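Tertiary structure, described
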Amino acid sequence: MPSPSRSIAAAPATGSAAGVAPRTGGYRMHLLMVLSGFAGLGYEMVWTRAVSVALGHEVVAVLAVVAAFFTGLAIGAWALDGRIRGSAVPGRWYAALEVLIGCWALALVVLIPVFNDAMVAAIGTEPAPSRHWAAVFLGTLLLFLPATVAMGATLPAMERLFTGRERTRWGVAGLYAANTLGAVLGTLVTTIAIVPLVGATSALMLLATVNFVCACGVLALDGGRPVADVPVEPSGAPAGPRLAALLAVTGLVGIGYEVVVIRVLSQVLENTVYTFAALLAVYLLGTAAGAALYDRYAPRGDFHGPLALLLKALSLACLAGTALLWLAAPGHAVLTVLLGNGYFAAIAGEFILGSAIFFLPALLMGATFSHLAQAARESFGLGRALGINTLGGAAAPFVFGIVLLPVVGSKLLLVAIAAVYLLLVPYRADRHGALAAVPAAAALGIALVAGPLRVVDVPQGGEILSYDEGVMASVSVVSDAAGRRFLKVNNHFTMGSSASRFSDRRQAHIPLLLHPEPHTALFLGLGTGSTFAAAAAHPKLDATGVELIPEILPALGYFGPTADAIRGDERFRLVTSDARRFVRSSPERYDVVIGEVFHPSRDGSGSLYTVEHFEAIRARLNDEGLFCQWLPLFQLDLETLQTIVRTFVHVFPDAEAHLAHFSLGQPIVAIVGRKSPHRYHRGWLRDRVRSRALAEDLASVGLETDFALFGGFLAGADGLRRFAGSGALNTDDRPVVTYQAPGFVYAAPEPAWVRLLALLDRVDADAGDLIGTVGDTDNFHSRIEAYWDARDAYLAAGVDIAPHDDVHVMLDQLRAPLLTIAGISSDFIPAYRPLVELAFELNRVDPVAARELLDDIISTAPDRPEARTLRDRLFGT
């Protein structure tokens, strides 16, 4: 009896072999692969974020998760290849794989929280990089393994079904294109719509439903009937080891190119959750297009010729993409002008820029893989080919992102990737080998002539003082013409400057002073280190500073004490770690925990504003401990602020809010929570500050009186609840801030003072929420409320003030509003002192006007001595 393969070979093209299911429409199988790819990338987007809150956002952890995911796919593709190839009912295999994926996805709804708890304990607060990588890689590999193994085998199973039913050897590229197109849709739809609308748990349930639909669809299409083997024909491909090496190396450098380019573009784009989704979608779309074009136009039967052409074109495309990276920043600026501001316009701009750099290389990668996989199908099997290629891709994040990038640099690394493609060209069988000279010359030119591939915006007249292209980020210190220094992470995020020392130090002093006597403090985030360094002024205080980005630590010396100097004080400890994991894994308890200003729209920062994180911090507080989270009102809209406040008050019912300072340009708000209710008393600062050195440091940042300390109070718990209103909380399952906050940076936001004044209008400070009434002999309640009224008027008046060198011009601007404000509260020094200083300066050019101004000041605020003293000194009694 003839074998099934020979029966197929002898049968007419439109006929059917005995006992073999008749030919059906292949487009249905492609549609199933689209749906399968949609679910697969949707899972990757959801799962990686779900575990990152415990594993950490260090690049070691992030890349280890990606590597584990890829490794699981490789294991599945390789391990199940023989069984699937030998099966007469691949449709049943495919259905079973989809059911397994869906069932394990539902199981992970329960398992991921348990896994996260276990991994926090296993990793600890300060793991060595090797231990961190190993724990994350092995842990996530095992966690996702049932699903990823099944995912890795779906393409081989569907290819076996397709070729058997359609009686063709050429099914790899088309099915791969369909599956990758589904991955594009899964990346975008999951990120833009599904998770923001329904949350992670519901997203997993929805994606599992897609898997079950795929299983039912293939059974409805196939009915579990047997299919015949399609005869294998020689393709002219090299022997198995050589072909396997080609698959492994192209997988390694292909994903390596993606890793390095995304790292460079992080210095140009906004780095929101949507940025990564847009870039990944471009990469996948290019891959899908390349596979589809290969399926449609590739010559059959010739291996070496097309391979040589593809590899040389791929090398040249990678070099072209590398060259375009030098134009990425101005290109992004042009796209912003052309497309305008707004949510979808900004995402479209990032997608277009990514396409200019990524699309052509990715297209050629998709075609190259299709060519190699088709040949491998005839040699040792599609599943094994897919496994080898994916395993190479799994190694890429570690090899390129962690080992090579900090040592070699992005420019030379990208040139090396292009060179690797040239080295893979089969020159013995290449009739057009001379064409390789073009990419070779381009690579040499970029390596020798082009400058460093770094994007740093330098103020006019300034310079780059330091630049570190490290594992975690590109960190730079730049100066302007006036000598002010700025700390930048990936060029976009200014983490502070030498000019912000006043604000930075207040952000340490205010929460520390709100505690009756702190002995231990935890600082989450360092910035320039000025806030953490301010803690040194508080005697008997031991402080720990946690910073996610290790490249920031060497830059601290540009703004104050170096990291080594800080570590030299036995009271202080610096830790490079993820803030969320540190809080959960540390056994220590603290009197004060201070959260640095985190940009809410930055990918990953939203997890620092969740219920789970706030609860973990509450558990780390001593009985009288407090937590202060600083919020950059200049970097978020009021809607996002409401979400964060609503979440905070949910965990800390007795919360209060304060301003860091009275700045219209960069207003910063603190929300402060405690384990138990607390009220302050009159004379709090006098009783709290017993150190002369601390008192002098406080005076240098305007915190010398109770009015100065409590003058920024905005609202107590009831006022914050009214401001926050009803709505969703920000949780790990519903990460509202992560998906909401980017809308601010993508829009054309109004000036920060507009949001500040709107906030002041929507909250109502009540002295009863802050100060006890016992011992109020000098009417402090009424005086502090008058102070708050004066503060609000002062900020509103500041909108219309423009600095000017002419003292008469300044007099015309300041006289009426500041006199009115001083009349509201003579305790409000920010209005009173500028008037006195203005009178002093005015006396140099116009003594008569100066005397009149001093008389008005004394009449407005007769209980303050400063104006009277100056008048007596300048004009006599």
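Heads up: these notes are all about the structure in this document. None of these values were measured; they are calculated from a predicted model.

**Brief notes about the overall build of the chain**
Looking only at helices and strands, the chain features 33 helices and twelve strands. For a compact globule of 877 residues, the expected C-alpha radius of gyration is about 29 Å, and the chain comes in at 32 Å, within 12% of that figure. For the chain, the C-alpha atoms occupy an extent of roughly 125 × 55 × 50 Å along the three principal directions. Taking all 877 residues of the chain together, the buried fraction comes to 58%. Across the chain, the fraction of contacts at a sequence separation of at least 24, relative to all contacts at a separation of at least 6, is 80%.

**Points about unusual backbone geometry**
Not every positive phi belongs to a glycine, and asparagine 271 is a case in point at roughly 60°. Following the sequence through the fold, asparagine 271 ends up in the loop between α8 (240–265) and α9 (273–297). For lysine 540, which is not glycine, the phi dihedral falls at a positive 65°. Here lysine 540 shows up in the loop between α17 (530–534) and β6 (542–547).

**Brief notes about the sheet that holds β6**
Strand order across the open sheet formed by eight strands is β7-β6-β5-β8-β9-β11-β10-β12, with mixed pairing between neighbours. Looking at which strands have only one partner, the edges of the open sheet turn out to be β7 (572–576) and β12 (713–715). Here the strands of the sheet are splayed against their neighbours by 20° on average, with no regard to which way each runs. In this structure, strand β10 (residues 656–659) lies alongside strand β11 (residues 668–674), joined through four bridges in antiparallel fashion. Note that in β11 the partner of leucine 659 across the bridge is valine 669. Taken strand by strand, helix α21 (residues 638–651) contacts β9 (621–632) and β11, and its axis lies near 15° from that of β11.

**Re the packing of aromatic side chains**
Evaluated as defined, the whole model comprises 30 aromatic pairs. With a centroid separation of 4.9 Å and an interplanar angle of 55°, the aromatic rings of tryptophan 133 and phenylalanine 398 are classed as tilted. Of this pair, tryptophan 133 sits in helix α6 (residues 129–166) while phenylalanine 398 sits in helix α13 (residues 382–408), placing them 265 residues apart in sequence. Tryptophan 133 gets classed as buried once you look at its relative accessible area, which sits at 16%. On the accessibility criterion, phenylalanine 398 (35% relative accessible area) is partly exposed.

**Let's talk about the pairing of β11**
Counted residue by residue, β11 has seven buried out of seven residues, so it is predominantly covered. In β11, alternate side chains face the same way, and those of Ile668, Ala670, Val672 and Arg674 on one face and Val669, Ile671 and Gly673 on the other are all buried. Note that β9 and β11 share seven bridges and pair antiparallel. If you follow phenylalanine 627 over to β11, its bridge partner there is glycine 673.

Criteria and cut-off values
Residues numbered from 1 in each chain as written. Predicted model: local features only at pLDDT ≥ 70, side-chain atom pairs only at ≥ 80, totals over all residues. Heavy atoms only, no water. Helix = DSSP H or I, 4+ residues; strand = E, 2+ residues; numbered from the N terminus. Rg over C-alpha atoms; globule rule 2.2 N^0.38 Å. Buried < 20%, exposed > 50% of the residue type's maximum accessible area, 1.4 Å probe, protein only. Contact = heavy atoms within 4.5 Å. Pairing = 2+ DSSP bridges. Axes fitted to C-alpha atoms, helices over the stretch in contact; angles between N-to-C directions. Phe/Tyr/Trp six-rings, centres within 6.5 Å; stacked < 30°, edge-to-face > 60°.

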